[in-house]
2 protein chains.
Amino acid sequence: MYEGAVQDLIDELGRLPGIGPKSAQRVAFHILEADSDDMRRLAEAIRTVKDKVQFCEVCFNVSEESRCRICQDTKRDDSLLCVVEESKDVMAIERTRSFRGRYHVLGGAINPIAGVGPDQLHIRQLLNRLSDETIQEVIIATDPNLEGEATATYLVRMLGSLGIRITRLASGLPVGGDLEYADDVTLGRAFEGRTSVG
Amino acid sequence: MYEGAVQDLIDELGRLPGIGPKSAQRVAFHILEADSDDMRRLAEAIRTVKDKVQFCEVCFNVSEESRCRICQDTKRDDSLLCVVEESKDVMAIERTRSFRGRYHVLGGAINPIAGVGPDQLHIRQLLNRLSDETIQEVIIATDPNLEGEATATYLVRMLGSLGIRITRLASGLPVGGDLEYADDVTLGRAFEGRTSVG
């Protein structure tokens, strides 16, 4: 509908996740009207990410070097390995400052409908890392949804024979939430996982 | 939080309209994982739009030349001028194929709260165009909201003394909608604008 360059931009933006045709049009017009330097910086940021950013050869977190900052950090605890689905999860856990071990990013979760099986995830590389003597506990921190649970179940079965302690993150009530708004499964888990306080 | 290039991209994406921090992160990771050629095309499309696309010197529609395709088209009716807020509105009207005149894009609507007064819109240029003898009817097609109505009222007052026919788009029930779901104002307008059919 639009003249060449505008329509090209709308088309390219429309291919991004969560950006429908209407949003793509709105963003395209914003880009058209925005400061040229700002938009050149955006274009440059996209190019730079594609040129410079790769995945860590050890843990598969995003990294600008062959090993990510966390894998390079000599002060972290080599005996603890936290397994997550995505790099975003690493960042979320890092923000809590409650974990000082290492990570392993699977690159997704088992999802047969989307054609993602164990072979599409970095599970083989996880097993290689576990053959190293230093890891004493694997913390499975997949998402608390269907795919994450399936992945966790699969990992527990795969790793069960290795003689390493395997743990999962606690399920329960989110802090700051109202009990009455918790869904049934969460409330059930909160009961199952209740802790003694006196 | 992320290493340089990834965080730079998240920051730049987060400045786009309608893209919050979570969406910016999701889009950034999509860009990271997507095909490099696709993403280079996106970066290129942003640059091209900023380099090539401008606003038509006659009607202020987006254009790759100093005059847009519609203004260059000799087959269109010079006696009809449709005034809209944005280039997007030109496209929406063009899709209907029910208008073959010319356009004038105001570049927004009067919105005192956002600091947009008549001087920030292309109203002076509209008056210049109307001093030309050929235009016989001005169709005001601003948005049917508060700002659009204010802009239309302002234009009617400005243009009233020029001796040109001034019209506005019909208000009424949207085709394909249910009468019972129409809001009061729309239903009221549909009554006021009722047409004789027999």
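Residues numbered from 1 in each chain as written. Chains lettered and ligands numbered in written order. Predicted model: local features only at pLDDT ≥ 70, side-chain atom pairs only at ≥ 80, totals over all residues. Heavy atoms only, no water.

### Describing the overall build of chain A
- For chain A, the helix and strand inventory stands at eight helices and six strands.
- Along its sequence from the N terminus, chain A presents helices and strands in the succession α-α-α-β-β-α-β-α-β-α-β-α-β-α.
- The C-alpha atoms of chain A give 21 Å as radius of gyration, which overshoots the globular expectation for 198 residues (16 Å, by more than 25%).
- Counting only C-alpha atoms, chain A reaches 65 × 45 × 35 Å along its principal axes.
- A buried classification covers 41% of the 198 residues belonging to chain A.
- Within chain A, residue pairs in contact and separated by at least 24 positions form 47% of the contacts whose partners lie at least 6 positions apart.
- Carbon and sulfur atoms provide 50% of the accessible area of chain A, an area that totals close to 11,300 Å².
- Across chain A, the mean location of the 24 positive side-chain charges is 4 Å away from that of the 32 negative side-chain charges. (Helix = DSSP H or I, 4+ residues; strand = E, 2+ residues; numbered from the N terminus. Rg over C-alpha atoms; globule rule 2.2 N^0.38 Å. Buried < 20%, exposed > 50% of the residue type's maximum accessible area, 1.4 Å probe, protein only. Contact = heavy atoms within 4.5 Å. Areas by Shrake-Rupley, 256 points an atom, 1.4 Å probe, with all protein chains shown as cover. Lys, Arg positive; Asp, Glu negative; His and termini not counted. Charge placed at Lys NZ, Arg CZ, Asp CG, Glu CD.)

### Observations regarding helix α3 (residues 36–52) of chain A
- Under the 1.5 Å per step criterion, the end-to-end length of α3 of chain A is 24 Å for 17 residues, consistent within 8% with the ideal 24 Å.
- What α3 of chain A keeps buried is the set Met-39, Leu-42, Ala-43, Ala-45, Ile-46, Val-49 and Lys-50 of chain A. Taken end-on, α3 of chain A shows its buried residues confined to a sector of 150°, consistent with a single buried face. Across from the buried face of α3 of chain A, at angles greater than 90 degrees, the exposed residues are Asp-37 and Asp-51 of chain A.
- Turning to α3 of chain A, the residues buried within the fold contact α2 (21–33) of chain A together with α1 (4–14), α2 (21–33) and α3 (36–52) of chain B.
- Backbone nitrogen of Asp-37 of chain A and a side-chain oxygen of the N-cap are separated by 3.2 Å at the start of α3 of chain A; the cap is Asp-35 of chain A. (Expected span 1.5 Å × (residues − 1). Arc of directions from axis to C-beta. Polar contact = N/O pair within 3.5 Å; in protein donor to acceptor, adjacent residues only side chain to side chain.)

### Overview of the domain arrangement of chain A
- The domain architecture assigned to chain A consists of domain 1 (4–52) and domain 2 (76–168).
- When each unit is reduced to the centre of its C-alpha atoms, the spacing between domain 1 of chain A and domain 2 of chain A is 35 Å. (Domains from an automatic or database assignment.)

### Quick notes on the environment of Gln-72 of chain B
Residues and elements named next belong to chain B.
- If you trace the backbone, Gln-72 turns up in helix α4 (residues 69–72).
- By relative accessible area, which is 41% here, Gln-72 ends up partly exposed.
- Those residues in contact with Gln-72 that sit more than four places away from it in its chain are Glu-65 and Arg-67.

### Quick notes on the sheet that holds strand β5 (residues 137–140) of chain B
Residue and element names in this part refer to chain B.
- If you walk across this open sheet you meet the four strands as β4-β3-β5-β6, and the pairing is parallel. Edge strands, defined here as strands with exactly one partner in the open sheet, are β4 (102–105) and β6 (165–168). Direction aside, neighbouring strands of the sheet carry axes that sit 25° apart on average.
- As judged from the four bridges shared by β5 and β6, these two strands associate in the parallel manner. In the strand pairing of β6, Glu-137 is matched with Arg-165.
- Lying on the sheet, helix α6 (residues 123–130) is in contact with β3 (80–84), β4 and β5; it crosses β4 at an angle near 155°. (Pairing = 2+ DSSP bridges. Axes fitted to C-alpha atoms, helices over the stretch in contact; angles between N-to-C directions.)

### Notes on the interface of chain A and chain B
- With 53 residues of chain A in contact, the opposing surface of chain B contributes 53 residues.
- Between chain A and chain B, the buried area comes to about 5,200 Å², and carbon and sulfur atoms account for 65% of it.
- Connecting chain A to chain B are six salt bridges.
- Here Asp-51 of chain B makes a salt bridge to Arg-40 of chain A, at a shortest N to O gap of 2.9 Å.
- Elements represented by at least two residues in the side of chain A that touches chain B include exactly α1 (4–14), α2, α3, β2 (62–63) and α5 (87–96) of chain A.
- Among the elements that line the side of chain A that touches chain B, the one with the most residues is α3 of chain A, at 15 residues.
- Among the residues making up the side of chain A that touches chain B, the classes are represented as 25 nonpolar, eight polar and 20 charged. (Buried area = accessible area lost by both parts, 1.4 Å probe. Salt bridge = Lys/Arg side-chain N within 4 Å of Asp/Glu carboxyl O. Nonpolar A, V, L, I, M, F, W, Y, C, P; charged D, E, K, R; others polar.)

### Some points on the packing of α3 of chain A against α1 of chain B
- Running from N to C, α3 of chain A and α1 of chain B point in directions that differ by 145°, and their axes come no closer than 9 Å. Two packed elements cross with a definite hand, and for α3 of chain A against α1 of chain B that hand is left-handed. Residues Asp-38, Arg-41, Leu-42, Ala-45, Ile-46, Thr-48 and Val-49 of chain A of α3 of chain A lie in contact with α1 of chain B, whose contacting residues are Ala-5, Val-6, Asp-8, Leu-9, Glu-12 and Leu-13 of chain B.
- A class-by-class count of the residues in the contact of α3 of chain A with α1 of chain B yields eight nonpolar, one polar and four charged. (Left-handed = near helix turned anticlockwise from the far one by under 90°.)

### A few points about the environment of Pro-17 of chain A
- Tracing the chain through its elements places Pro-17 of chain A in the loop between α1 and α2.
- Exposure remark for Pro-17 of chain A: the relative accessible area of 26% places this residue in the partly exposed category.
- Placed 74 residues apart in sequence, Pro-17 of chain A and Met-91 of chain A show a C-alpha to C-alpha distance of 20 Å.
- With sequence-adjacent residues up to four places away left out, Pro-17 of chain A is seen in contact with Arg-26, Val-27 and His-30 of chain B.

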